[in-house]
Amino acid sequence: MKHPFQIVVSNKTGTYLFCSVKNHLYVFDLKSGNVVGSWIDNVDITTKLKKQQQEKIKALETAQKDAVEESGNDSKSEADDETVKKLKSNDAKPIKIPKIPTPGPGAPPIYNYIRSLTLSQDETYLVGTTDSDKAVIIFKLDFASDNCLKLIKRQVFPKRPCAVSIVDNTTLAVADKFGDVIQINIDSNDPVDEKTLVPILGHVSMLSDVLVTEYENKKYILTGDRDEHIRVSHFPKSYVIRNWLWGHNEFVSSMHIPEWDSSILISGGGDDFLCIWKWFDSKLLQKVELRNLIQPFLNDSHLPPERFLTEDSVREISVSSLLTYNNSKSGRKSLVVLIENTKCLLVFDINSNFEVEHKQTLEVEFPLVDIALDQSNGRIIASLDKEASKGLLQFYAFNDENELSILESSNIIDTITDANECDVKSREDFYPLYYVNTLRKRSEH
């Protein structure tokens, strides 16, 4: 069986599909299904631990050297003299090499996989984030080459990057799980020392999403976090806060600005609703209720972890993806919502006043991992949580009434699946497919 695709991203014309599975990255031609680009992250998953080990050894060597140099200093206190004598006595002995810490029983495993993928506005760059060494990876796309993926930069961060927004073709804004946003250059081939990276803004909570947008000829950066906050700051002078958006009661996991109206923000996360904002004015236009719509598709996997489970526990909602579609033929506009680990898509109509109304619930056979929009052809491309060796993707199409329907399986889907080289023996070998709900705060936090 094949490992499911964890991330799917389409370009605007629907000609190419960018997919990640474990530490593999693929680019497929959606007309032929052929692989036009591939890359494997071969970085050792213990890279960070080994670096920490080297720093400890260097610190020990420095302390030993300083002790010898200071051993003749009579002005030292008695306590200091004892420390110096102890270090000096060991000077001839080799430094004991500290061991790389080994995770104990019950510790979370260390994975080596690609956590996010983002295309630049002009689709000349593909940006990802890695789990292995907490890095941002930047690829230049060249479809005239045999392999369209050319890695031009790998920038390691002190904390794990969790979201990326591409400001322009020269700059990235990268949010990390420590609550900071760091700005880096795209086109510089030389990564800098991670310790020299300086945040341009920070939250006191783990960040979950970041967006850089333009409104009235000025740039702003929107950041969402685990503590229900959405912050609007000026960019690049992001120490200047314009306003906050208050409306969520749980973590914010997804923020989306429609291409046709940059004044609107749609946000969702761990609540039973979405929020529709006029973000510049801090105006909450509407709360879109989800609970009644998604309730039939929730299962025991949506319950809290066993140690937090009570008789009153409800199945929890976690928004994993938000997409908007502007149907140029009919003039209709739609919002598509994916709730984590469910077998359906929620489709909403959006009118001229940006009032959102439920249009359709498209039920599918398998849970959906991720979705991408082919804007030009009105297609949704979905990755399926399916224990199989065929059909790991599914295509849906909008009609003139802006309703989604499942497209018949094609040879392209099977061709793409065959190109997935990540074979697994069982589901136990799957990497995490659902992790949005881990943002939810529990009593222990």
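Above: the structure in question.
Bear in mind the structure is a predicted one, so any value in this text is a computation, not a measurement.

### So, the overall build of the chain
Step number 1: The secondary structure content of the chain amounts to 4 helices and 28 strands.
Step number 2: Across the 445 residues in the chain, those meeting the buried criterion constitute 51%.
Step number 3: Contacts in the chain between residues far apart in sequence, at least 24 positions, make up 51% of those at least 6 positions apart.
Step number 4: For the chain, the computed accessible surface area is about 21,600 Å², with 47% contributed by carbon and sulfur atoms.

### Observations regarding the pattern of salt bridges
Step number 1: Evaluated as defined, the whole model comprises 19 salt bridges.
Step number 2: With a closest N to O distance of 2.7 Å, Glu 316 and Arg 442 form a salt bridge. Placement of Glu 316 in the loop between α3 (291-294) and β21 (319-326) and of Arg 442 in the segment after α4 (411-419) is noted, with a sequence separation of 126 residues between them. In this structure, Glu 316 and Arg 442 share a single accessibility class: buried.
Step number 3: A salt bridge links Glu 401 to Arg 332; the shortest N-O distance between them is 3.3 Å. Here Arg 332 lies in the loop between β21 and β22 (333-339) and Glu 401 lies in the loop between β27 (393-398) and β28 (404-406), a separation of 69 residues in the sequence.
Step number 4: Judged by its relative accessible area of 32%, Arg 332 is partly exposed.
Step number 5: Linked through salt bridges whose partners overlap, the residues forming this network are Glu 250, Glu 316, Arg 440 and Arg 442.

### So, unusual backbone geometry
Step number 1: Cis geometry marks the peptide bond from Phe 235 to Pro 236, where omega comes out at 10 degrees.
Step number 2: Looking at the secondary structure, you find Pro 236 in the loop between β15 (230-234) and β16 (241-245).
Step number 3: For Lys 134, which is not glycine, the phi dihedral falls at a positive 55 degrees.
Step number 4: Within the secondary structure, Lys 134 sits in the loop between β6 (125-130) and β7 (135-141).
Step number 5: On the basis of relative accessibility, which here comes to 23%, the residue Lys 134 falls in the partly exposed class.

### Some words on the environment of Lys 219
Step number 1: Locating Lys 219 in the fold gives a position in strand β14 (residues 218-225).
Step number 2: Sequence-wise, Lys 219 and Lys 237 are 18 residues apart; in three dimensions their C-alpha atoms are separated by 9.6 Å.
Step number 3: In this structure Lys 219 touches Val 167, Val 212, Thr 213, Glu 214, His 234 and Phe 235, once residues within four positions along its chain are discounted.

### Observations regarding the sheet that holds β15
Step number 1: Spatially, β13-β14-β15-β16 is the arrangement adopted by the 4 strands of the open sheet, whose pairing is antiparallel. Sheet topology places β13 (207-215) and β16 at the edges, where each strand pairs with a single neighbour. Each strand axis lies, on average, 20 degrees off the axis of its neighbour in the sheet, ignoring direction.

### Structural notes on the nonpolar core
Step number 1: Counting residues in each nonpolar core, the largest one holds 21 residues, and the members touching the most others are Leu 274, Leu 290, Ile 294, Leu 335, Val 337 and Phe 348.
Step number 2: Elements supplying a minimum of two residues to this core: β18 (264-269), β19 (273-278), β21, β22 and β23 (344-350).
Step number 3: Ranked by the residues each element gives to this core, the list is headed by β23, at 4 residues.
Step number 4: Among residues more than four places away in sequence, those in contact with Ile 294 are Ile 317, Ile 339, Thr 342, Cys 344 and Leu 346.
Step number 5: Judged by nonpolar contacts, the second largest core, of 18 residues, contains Val 8, Leu 17, Phe 395 and Ala 419.

### Some points on the sheet that holds β6
Step number 1: If you walk across this open sheet you meet the 4 strands as β5-β6-β7-β8, and the pairing is antiparallel. With partners counted over all chains shown, the strands left at the sheet margins are β5 (114-119) and β8 (149-156), one partner each. Along the sheet, successive strands turn relative to each other by an average axial angle of 20 degrees, direction set aside.
Step number 2: Of the pairings in the sheet, the one linking β6 to β7 comprises 5 bridges and is antiparallel in character. Within β7, the residue paired with Gly 128 across the bridge is Ile 137.

Criteria and thresholds
Every chain is numbered independently, its residues counted from 1 as its sequence is written. Given that the model is predicted, a residue must reach a pLDDT of at least 70 before its local features are reported, and side-chain atom pairs must reach 80 or more before they are shown or counted; all residues, however, enter totals for whole chains, interfaces and linings. Side-chain numbers here rest on the full set of heavy atoms in the structure, without hydrogens or water. Each helix corresponds to a stretch of at least 4 residues labelled H or I by DSSP, and each strand to a stretch of at least 2 residues labelled E; elements are numbered beginning at the N terminus. Any residue under 20% of the maximum accessible area for its type is buried, any over 50% is exposed, and the rest in between are partly exposed; the area is computed with a 1.4 Å probe on protein chains only. Residue contacts are defined here by distance: any two heavy atoms, one from each residue, within 4.5 Å place the two residues in contact. Here the accessible surface of atoms and residues is derived via Shrake-Rupley with a 1.4 Å probe, and residues count as covered only by protein chains that are part of the display. Salt bridges, as used here, are contacts in which a Lys or Arg side-chain nitrogen is within 4 Å of a carboxyl oxygen on Asp or Glu. Pairing between strands is defined by DSSP: at least two bridges between the two strands are required. Helix axes are fitted to C-alpha atoms over the stretch in contact, other axes to C-alpha atoms as well, and angles between N-to-C directions run from 0 to 180 degrees. To define a nonpolar core, start from buried Ala, Val, Leu, Ile, Met, Phe, Trp, Tyr and Cys residues and group those joined through side-chain atoms within 4.5 Å.

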